[in-house]
Amino acid sequence: MDILGSAGTINVQGEQQQKLDVLANEVMKEAFCHTGRVSLMASEEEEDPIPADAAAGKYVVLFDPLDGSSNIDVNVSIGTIFSIHRRVSGDGCGNLVDCLQRGREQVAAGYVIYGSSTVMVYSAGNGVHCFTLDPVIGEFRLINHDVATPRTGKYYSINESNYTRWSAGYQKIVRCFKGVDGDGHGKNARYIGSLVADFHRNLLAGGIFMYPADTKSPNGKLRLLYEASPLAFVAEQAGGAASDGTTPILDIEPKKLHQRTPLVIGSRDDVAFVERTLREVEAAG
Ligand code: AFP
């Protein structure tokens, strides 16, 4: 099957699409339409909402079909992220209003990570549960019930090559995490470059992932509706936290389908430390 390498197309985010991005997008759309429960979908790969099934669908699904595209061809873990909302509009298949709901309104959210095994993690607002794919029977088996993420983590995950583009606050935070400034957190660095993989490790082992705004991406790089919001839902349900640096991700009112946001997500005390330090550095001018 011809599934590796570039598709030779550019998506709505202005990024090169891989063949697997395109395939994953088609598979997701087909699978959600097949359920007969989804009226409208939105994909990180497509500009506009995608009508599904007007008659039956009570739900709206937003998804990043393949997160971590640059890792596909080098055999590093990648994932799929999904966010499910109740439909709020009345007519037809629904419209943009159904997609632009706060993360707090999600009825369920989660992700699948394709790594050394295939694991699905989801929450429907009643804890976080992990399932692993058993390829022999073709079903997901429950492996981890009611996941609780550590309050403080041993890892920090950030693309440090952006250091000179960050605000003074983030530069200080990373120096603290390295143990060269402040009270010597002395955390270990881990950065995969697939959000799902970095998030999943930190969820289980404890840690913090950050993708701040910088001078190249003044609103951050990651997408609120397809990446930040669903993972924030999972993080909070596991006892962690997620913020854009000042506001909880789940409280942000989305204005645009492909809106970007800075993201700080993971162990609760570490996220609180980041917010506190940003406030202090800002106040000190
Ligand atoms: P790609 O899908 O283009 O590889 O981007 C992945 C991603 O959206 C997210 O999964 C990563 O955490 C983040 O971007 C990595 O971005 P940098 O390459 O700028 O560190």
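For the rest of this paragraph, the subject is the site of the ligand. Taken together, 15 residues lie around the ligand, and Asp67, Asn159, Tyr191, Leu195 and Tyr211 are the ones closest in. In the environment of the ligand, an oxygen atom lies 3.2 Å from a nitrogen or oxygen atom belonging to the backbone of Gly68. At 2.6 Å from an oxygen atom of the ligand is found a side-chain nitrogen or oxygen belonging to Tyr211. Secondary structure elements with two or more residues in the shell around the ligand: strand E13 (207-211) and strand E14 (222-223). Tallied by class, the residues present in the shell around the ligand amount to five nonpolar, six polar and four charged.

Moving on, we come to the packing of aromatic side chains. Under the counting rule described, the total for this entry stands at seven aromatic pairs. Put simply, the rings of Tyr156, Phe177 and Phe273 pair up and form one aromatic cluster. In this structure, Arg201 packs its charged tip against the face of Tyr155, placed 5.5 Å from the ring centre.

Moving on to the domain arrangement of the chain. Looking at the chain, the domain boundaries give domain 1 (6-144) and domain 2 (155-284). Relative placement of domain 1 and domain 2: their C-alpha centres are 22 Å apart. Opposite the 48 residues of domain 1 that make contact, domain 2 presents 33 residues. Summed over both sides, the interface of domain 1 with domain 2 buries roughly 3000 Å², with 60% coming from carbon and sulfur. Counting the contacts that link domain 1 with domain 2 gives four salt bridges. The partner of Arg104 in a salt bridge is Asp251, with the nearest N and O atoms 3.0 Å apart. Here the residues of the side of domain 1 that touches domain 2 sort into 22 nonpolar, 17 polar and nine charged.

A few words now on the pattern of salt bridges. According to the stated counting rule, one finds 15 salt bridges in the structure shown. Here Arg201 and Asp198 are joined by a salt bridge, their closest N and O atoms 3.1 Å apart. Of the two residues, Arg201 and Asp198 are both situated in helix H4 (residues 195-205); the distance of three residues between them amounts to about one turn of the helix. Judged by its relative accessible area of 0%, Asp198 is buried. Linking Glu227 and Arg223 is a salt bridge whose minimum nitrogen-to-oxygen distance equals 3.4 Å. Accessibility classification places Glu227 together with Arg223 in one group, the buried group. When salt bridges that share partners are traced, they join Arg102, Arg104, Glu105, Glu236 and Asp251 into one network.

Before going further, it helps to spend a moment on the sheet that holds strand E10 (residues 139-144). The strand order across the open sheet formed by eight strands is E4-E3-E5-E6-E7-E8-E9-E10, and the pairing between neighbours is mixed. The strands lining the two open edges of the sheet, one partner per strand, are strand E4 (50-51) and E10. Sheet analysis places strand E5 (residues 59-67) next to strand E6 (residues 78-86), joined by seven bridges and oriented antiparallel. Within E6, the position partnered with Phe63 by the bridge is Phe82. The sheet contacts of helix H1 (residues 19-35) involve strand E3 (38-43), E4, E5 and E6, and relative to E5 the element is tilted by about 155°. Sheet strands in contact with H4 are E5, E6, strand E7 (108-114), strand E8 (118-123) and E10, and its direction is about 105° off that of E7.

Spatially, the five strands line up as an open sheet ordered E12-E11-E13-E17-E15, and their pairing is mixed. Of all strands in the sheet, those with a lone pairing partner are strand E12 (188-189) and strand E15 (241-243), marking the two edges. In this sheet, E12 lies alongside strand E11 (residues 155-157) in parallel orientation, the contact comprising two bridges. Residue Tyr155 lies in a different strand from E12, and its bridge partner there is Asn188.

Attention now moves to helix H5 (residues 224-237). With 12 of its 14 residues buried, H5 lies for the most part within the structure. Considered for burial, the residues of H5 that qualify are Leu224, Leu225, Tyr226, Glu227, Ala228, Ser229, Pro230, Leu231, Ala232, Phe233, Val234 and Ala235. Backbone geometry just downstream of H5 places Gly239 in the positive-phi region, at approximately 90°.

Turning to the nonpolar core, a few remarks are in order. Membership of the largest hydrophobic core comes to 31 residues, with the highest contact counts inside it found for Tyr111, Val121, Phe199, Ile249, Leu263 and Ile265. Of all the secondary structure elements, the ones that give two or more residues to this core are E7, E8, H4, E13, H5 and strand E17 (263-266). Of all the elements, H5 adds the most residues to this core, at seven residues. A domain-level breakdown of this core finds at least three residues from each of domain 1 (6-144) and domain 2 (155-284). With residues up to four places along the chain from it excluded, the contact list for Leu263 reads Leu195, Phe209, Met210, Tyr211, Leu222, Ala228, Ser243 and Ile249. Membership of the second largest hydrophobic core comes to 16 residues, among which are Ile158, Tyr170, Met210 and Val271.

Definitions and limits used
- Residues numbered from 1 in each chain as written.
- Predicted model: local features only at pLDDT ≥ 70, side-chain atom pairs only at ≥ 80, totals over all residues.
- Heavy atoms only, no water.
- Near = heavy atom within 4 Å.
- Polar contact = N/O pair within 3.5 Å; in protein donor to acceptor, adjacent residues only side chain to side chain.
- Helix = DSSP H or I, 4+ residues; strand = E, 2+ residues; numbered from the N terminus.
- Nonpolar A, V, L, I, M, F, W, Y, C, P; charged D, E, K, R; others polar.
- Phe/Tyr/Trp six-rings, centres within 6.5 Å; stacked < 30°, edge-to-face > 60°.
- Lys NZ or Arg CZ within 6 Å of the ring centre and 35° of its normal.
- Domains from an automatic or database assignment.
- Contact = heavy atoms within 4.5 Å.
- Buried area = accessible area lost by both parts, 1.4 Å probe.
- Salt bridge = Lys/Arg side-chain N within 4 Å of Asp/Glu carboxyl O.
- Buried < 20%, exposed > 50% of the residue type's maximum accessible area, 1.4 Å probe, protein only.
- Pairing = 2+ DSSP bridges.
- Axes fitted to C-alpha atoms, helices over the stretch in contact; angles between N-to-C directions.
- Core = buried A, V, L, I, M, F, W, Y, C linked by side-chain atoms within 4.5 Å.

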